[in-house]
Amino acid sequence: MPQASTAPRTRWTNWAGNQSAHPARVVTPGTAEELAKEILRAADAGRTVKAVGSGHSFTSIASAGDGVLVRPHALTAVRGIDREAGTITVEAGLPLSRLNRVLAAAGLSLTNMGDIEVQTVAGATSTGTHGTGRDSGSLAAQIRALEIVLADGSVRHCSPTENPQLFQGARLGLGALGVITALTFAVEPAFLLTAHEQPMRFDEVLDRLDDLTAVNEHFEFYWFPHTDRCSTKRNNRSQGPAAPLPRFKEWLEDDFLSNIVWEGACRVGRRFPGAVPTIASLASRAWSDRSYTDTAHRVFTSPRKVRFLEMEYAVPRAEVAGVLRELRAMVERSDWRISFPVEVRFAPADDIWLSTANGRDSAYIAVHLYRGTAEQGYFTEVEKLMAAHHGRPHWGKLHTRDAGHLAEVYPHFADFTALRDEVDPQRRFGNDYLRRVLGA
């Protein structure tokens, strides 16, 4: 059986390099019981506890400060697959990439995914990671049960019928209620997706948006600022046969061009901002019309090696076209030089208390800046625009909203904070980020 281990005080940094911490202790428990002992030990020392995943959040949501940092590397087991129930139970630190391969080997699949697979399962669900879908929602919406260790050291099992209030909060709990040690996901028989990627004009996409999102199971698009061009992607289930991209073409377009060449272009744009509109025009024309059919997780996800900072807001689905037109007008009248495309995705309403799609069909608008690029007010003004349209910020991406604002846009915000008061009254799992977004 794995044993809890400790390491000397070290520096933790997230993927983007914009968040760091110097925890007093780093622990790697191998079981829920070992984790419970570490939580109680931290309590005796008056320290907080924070679990980290792969560090792909841009906010300080996982920062342990000078408390105890819990690494997930020893909690990666697959506890079981229940084909009759259509579920898989895995431990919290399992990366999504490994989950996808375990499922594929068993002839199974998640229904929907985000666009990368490097996060841990608990890190992804606890921050609201999502993809795009007409009928299927975020990863958290696919959770059917979970195991969590609370501040008092108790190990709780939760589902819609067992500890239902805790289940409702912990499915997307920001790490504020306890440390999740295992998750049970709904799965289904493996399926193929046909992806059709097509360049389109900005106005054409918005004029056809209702049809594009209604007839396609998964629709998303990228708008290149300083141009009128978009790249659209439609993913729909296919009976086959599989027709994946040839390996060289996949490497050339999805790795070499999308990562290595793009990194170089971003560096040029950072050094010479005046070149950004030309780079954007060239980049928007490099995205060609193509189609391919492959295993679902290979279509949902892509390698992302260029490091950036990101802000993303969910706005009501009915308002997205107007918001995007306002955003384009803002860019055109500003002096900003934006090298990264704006990403737009969709999700159906769900019932998770802190889900950005809670109670309403939603559209996600994500803006990015290449690392090291001066912000120059871009994120600030975009956030003002999103807030004016009742936007909800992605919990793992940059924003400045506080508990006062968030209480107004989340109908069940008070339910979540009341649950937090019940299970973590001493704020054992608190940090500066949670104090801002949930209140003291």
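Draft legend 1. The arrangement of the overall build of the protein chain in detail. Secondary structure assignment for the protein chain yields 14 helices and 21 strands. By the compact-globule yardstick of 22 Å for 440 residues, the protein chain fits well, its C-alpha radius of gyration being 21 Å. The dimensions of the protein chain, computed from C-alpha atoms along their principal axes, are 60 × 50 × 40 Å. A burial count over the protein chain gives 59% of its 440 residues as buried. Carbon and sulfur atoms provide 51% of the accessible area of the protein chain, an area that totals close to 17800 Å². In the protein chain, 50 side chains carry a positive charge and 51 a negative one; their mean positions are 6 Å apart.

Draft legend 2. Up close: the sheet that holds strand β15 (residues 218-223). The antiparallel open sheet is built from 8 strands, whose spatial order is β17-β14-β16-β15-β19-β20-β18-β21. Each edge of the sheet is formed by a strand with only one pairing partner; in this case those strands are β17 (290-295) and β21 (392-393). Here strand β14 (residues 192-201) runs beside strand β16 (residues 229-238); their pairing, made up of 10 bridges, is antiparallel. Counterpart to Met 200 in the pairing with β16 is Cys 230.

Draft legend 3. Quick look at helix α1 (residues 32-44). Taking 1.5 Å per residue, 13 residues should reach 18 Å; α1 reaches 19 Å between its end C-alpha atoms and fits that length. For α1, every residue scored as buried is listed here: Ala 32, Glu 34, Leu 35, Ala 36, Glu 38, Ile 39 and Ala 42. Where α1 is buried, its residues touch β4 (25-27), β5 (49-51), β6 (68-70), β10 (143-149), β11 (155-158) and β12 (179-186). Directly beyond the C-terminal end of α1, a positive phi value near 75° is found at Gly 46.

Draft legend 4. Layout of the environment of Ile 365. Counting through the fold element by element, Ile 365 comes out in strand β20 (residues 362-370). The buried category is assigned to Ile 365, whose relative accessible area is 2%. The spacing of Ile 365 and Tyr 313 is 52 residues in sequence and 5.5 Å in space, taken between C-alpha atoms. Discounting residues that sit within four places of it in the chain, Ile 365 has contacts with Met 311, Glu 312, Tyr 313, Val 315, Val 320, Val 323, Leu 324, Leu 327, Val 342, Glu 343 and Met 386.

Draft legend 5. Layout of the sheet that holds β12. Pairing within the open sheet is antiparallel, and its 5 strands lie in the order β7-β8-β12-β10-β11. Only two strands of the sheet have a single neighbouring strand rather than two, namely β7 (78-82) and β11. On average, adjacent strands in this sheet sit at an angle of 10° to one another, irrespective of strand direction. In this sheet, strand β8 (residues 87-91) lies alongside β7 in antiparallel orientation, the contact comprising 4 bridges. Looking at β8, one finds that Gly 80 is bridged to Thr 89. Strand contacts of α1: β10, β11 and β12, with the helix running at about 45° to β10, the strand carrying the most contacts. Against the sheet, helix α2 (residues 96-105) touches β7, β8 and β12, its axis set at about 145° to β8.

Draft legend 6. Structural view of the side chain of Thr 120. Along the chain, Thr 120 falls in the loop between β9 (108-109) and α3 (121-127). Of the polar contacts made by the side chain of Thr 120, one reaches the backbone nitrogen of Gly 123; its length is 3.1 Å.

Draft legend 7. Geometry of the packing of aromatic side chains. Counted by the stated rule, this structure contains 10 aromatic pairs. Taken together, a centroid distance of 5.4 Å and an interplanar angle of 75° make the contact between Trp 15 and Phe 308 edge-to-face. Note that Trp 15 is positioned in the loop between β2 (12-13) and β3 (20-21) and Phe 308 in strand β18 (residues 308-316), a separation of 293 residues in sequence. Across the pair, exposure class does not vary: Trp 15 and Phe 308 are buried alike. Through a chain of ring-to-ring contacts, three or more aromatic side chains come together here, namely Trp 15, Phe 58, Phe 308 and Phe 340. The residue whose ring lies beneath Arg 237 is Phe 191, and the NZ or CZ to ring-centre distance is 3.7 Å. Above the ring of Tyr 410, the side-chain terminus of Arg 392 is found at 4.9 Å from the ring centroid.

Rules of the game
- Residues numbered from 1 in each chain as written.
- Predicted model: local features only at pLDDT ≥ 70, side-chain atom pairs only at ≥ 80, totals over all residues.
- Heavy atoms only, no water.
- Helix = DSSP H or I, 4+ residues; strand = E, 2+ residues; numbered from the N terminus.
- Rg over C-alpha atoms; globule rule 2.2 N^0.38 Å.
- Buried < 20%, exposed > 50% of the residue type's maximum accessible area, 1.4 Å probe, protein only.
- Areas by Shrake-Rupley, 256 points an atom, 1.4 Å probe, with all protein chains shown as cover.
- Lys, Arg positive; Asp, Glu negative; His and termini not counted.
- Charge placed at Lys NZ, Arg CZ, Asp CG, Glu CD.
- Pairing = 2+ DSSP bridges.
- Expected span 1.5 Å × (residues − 1).
- Contact = heavy atoms within 4.5 Å.
- Axes fitted to C-alpha atoms, helices over the stretch in contact; angles between N-to-C directions.
- Polar contact = N/O pair within 3.5 Å; in protein donor to acceptor, adjacent residues only side chain to side chain.
- Phe/Tyr/Trp six-rings, centres within 6.5 Å; stacked < 30°, edge-to-face > 60°.
- Lys NZ or Arg CZ within 6 Å of the ring centre and 35° of its normal.

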